[in-house]
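Descriptive structure summary
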Amino acid sequence: MTTTEAAEVTPDTVEPADHDHGVHGYHKQKDEHLKRLRRIEGQIRGLQRMVDEDTYCIDILTQVSASTKALQSFALQLLEEHLRHCVADAALKGGDEIEAKVEEATKAIARMMRT
């Protein structure tokens, strides 16, 4: 699911989080995420090749920008999945857990905004 697809989170649509056993919000899209990260890795290797081949600075900077945007897009997708899965699960449980998850997500957003 992407940020452009709105989905209402209800107790019926949230799967219980099992953080201690490796099941996270991105679990269902793991293969797609790995494919995306491999593509980004290829972009980074391309940057190394460009430097090695003495490519024009502006061309390298253009590729840096594309790689940065790809990583930012990946991070945003991962954050959305965290909110839909981990934070929504904590909201269902209530108590201190929701406060901790909201604070954790807020700090992650702040880190993303600094980059």
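To keep things clear, this report deals only with the structure shown in the data block. Keep in mind the model is a prediction, meaning the values are calculated, not measured. (Residues numbered from 1 in each chain as written. Predicted model: local features only at pLDDT ≥ 70, side-chain atom pairs only at ≥ 80, totals over all residues. Heavy atoms only, no water.)

1. Things to note about the overall build of the chain
From N to C terminus, the chain includes three helices and zero strands. The order of α-helices and β-strands along the chain, N terminus first, is α-α-α. In the chain, which comprises 115 residues, the share counted as buried stands at 24%. Restricting the contact set of the chain to residue pairs at least 6 apart, pairs at least 24 apart contribute 68%. (Helix = DSSP H or I, 4+ residues; strand = E, 2+ residues; numbered from the N terminus. Buried < 20%, exposed > 50% of the residue type's maximum accessible area, 1.4 Å probe, protein only. Contact = heavy atoms within 4.5 Å.)

2. Thoughts on the pattern of salt bridges
Scanning all chains against the criterion turns up six salt bridges. Put simply, aspartate 89 and lysine 93 hold a salt bridge, and the shortest N to O gap is 3.2 Å. Here aspartate 89 pairs with lysine 93, and both are found in helix H2 (residues 57-93), just four residues apart, close to one helical turn. A relative accessible area of 5% means that aspartate 89 is categorised as buried. In this structure, lysine 107 engages glutamate 103 in a salt bridge whose closest nitrogen and oxygen atoms are separated by 3.1 Å. Of the two residues, lysine 107 and glutamate 103 are both situated in helix H3 (residues 96-114); the distance of four residues between them amounts to about one turn of the helix. (Salt bridge = Lys/Arg side-chain N within 4 Å of Asp/Glu carboxyl O.)

3. Digging into the side chain of histidine 33
One can find histidine 33 in helix H1 (residues 30-52). Note on histidine 33: relative accessible area 7%, which makes it buried. Setting aside its immediate chain neighbours within four residues, histidine 33 contacts Tyr26, Phe74, Gln77, Leu78 and Glu81.

4. Digging into H3
Taking 1.5 Å of rise per residue, 19 residues should cover 27 Å, and H3 covers 27 Å from first to last C-alpha, within 8% of that figure. Among the residues making up H3, those that are buried are Ile98, Lys101, Ala105 and Ala108. An end-on view of H3 places all buried positions within 95° of arc, on one side of the element. Along H3, the residues that are exposed and aim more than 90 degrees away from the buried face are Asp96, Glu99, Met113 and Arg114. (Expected span 1.5 Å × (residues − 1). Arc of directions from axis to C-beta.)

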